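Now for the letters of each chain:
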Amino acid sequence: MASANSAEAPASRPSGPQYLPSSVQGAVKILVTGPFGVGKTTLVGSLSEITPLRTEETMTAASSGVDDLTGRGDKTTTTVALDFGRITLNSRLALYLFGTPGQQRFWPLWDDLSRGALGAIAMVDLRRPDESFDVLGRLEEQRIPFAVAVNTFPDTPSYPEEELRSALDVLPEVPILYCDARDRRQSYDLLIDFVDHLHRSSLLELQP
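Everything numeric in this text was worked out from a predicted model, so none of it was measured.

What counts as what
- Residues numbered from 1 in each chain as written.
- Predicted model: local features only at pLDDT ≥ 70, side-chain atom pairs only at ≥ 80, totals over all residues.
- Heavy atoms only, no water.
- Salt bridge = Lys/Arg side-chain N within 4 Å of Asp/Glu carboxyl O.
- Buried < 20%, exposed > 50% of the residue type's maximum accessible area, 1.4 Å probe, protein only.
- Helix = DSSP H or I, 4+ residues; strand = E, 2+ residues; numbered from the N terminus.
- Pairing = 2+ DSSP bridges.

Trainee: So what's going on with the pattern of salt bridges? Which residues, and what values?
Mentor: When the charged atoms of two side chains lie near each other, side chains of opposite charge can form a pair. Applying the stated rule across the entire model yields ten salt bridges. A salt bridge links Asp 125 to Arg 127, with the shortest nitrogen-to-oxygen separation between them at 2.9 Å. Using a relative accessible area of 3% as the deciding quantity, one classes Asp 125 as buried. You can call Arg 127 partly exposed: its relative accessible area is 29%. Among the ionic pairs, Arg 127 bridges to Asp 155, the shortest N-O distance being 2.9 Å. Taken together, the positions of Arg 127 in the loop between β5 (119-124) and α3 (133-141) and Asp 155 in the loop between β6 (146-151) and α4 (161-168) put the pair 28 residues apart, joining distant regions of the chain. Three or more residues are tied together by salt bridges with common partners; here these are Asp 125, Arg 127, Arg 128, Glu 131 and Asp 155.

Encoded structure:
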């Protein structure tokens, strides 16, 4: 078995079409989920080795009073279907990243996107952790293995892990990971930690 930690983060996204190496024999679906404005699109974009597929639309006055922009004054778009990216983890395995919309009105689509996912990265903004409860609950209901991924904004508060775990009401076996989703290296390290968790849980076999 080869540890996922032996993989190297791509330095940058190559230009032009990018095809899977012929040596790749398997693909795994990973969900990137979380509440509105938590950084899902940013994380998929940081990780993807191909130009990510995005279905963002400009927010209009119609969303006023529906989508809470408190603390998100510079947010002008929202995902209405999905984000899609891909990263080749090693010579035999590729990960397909599916980012979900954050608002509850898109939950029927969320259910479709989550089908067949081996695991999920559940992003959390510690400035408003209560917004993550519904998503964490749905992952538990659907029995999708997940890790909590704290997106570290400049003004993110700091909490001891046990206090945070209690506040989010997640089990001891659920990893709590941290990254700045804008940073490619940090995002990649988070993904590798999550893949290692799936491997240790016997949910994913890593081939050399």
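Trainee: I'd love a proper account of the pairing of strand β4 (residues 93-99), names of residues and values included.
Mentor: In terms of residue burial, β4 counts as a mostly covered element, since six of its seven residues are buried. Bridge count for strand β1 (residues 26-33) against β4 is seven bridges, and the pairing is parallel. Bridged to Leu 31 within β4 is Phe 98.

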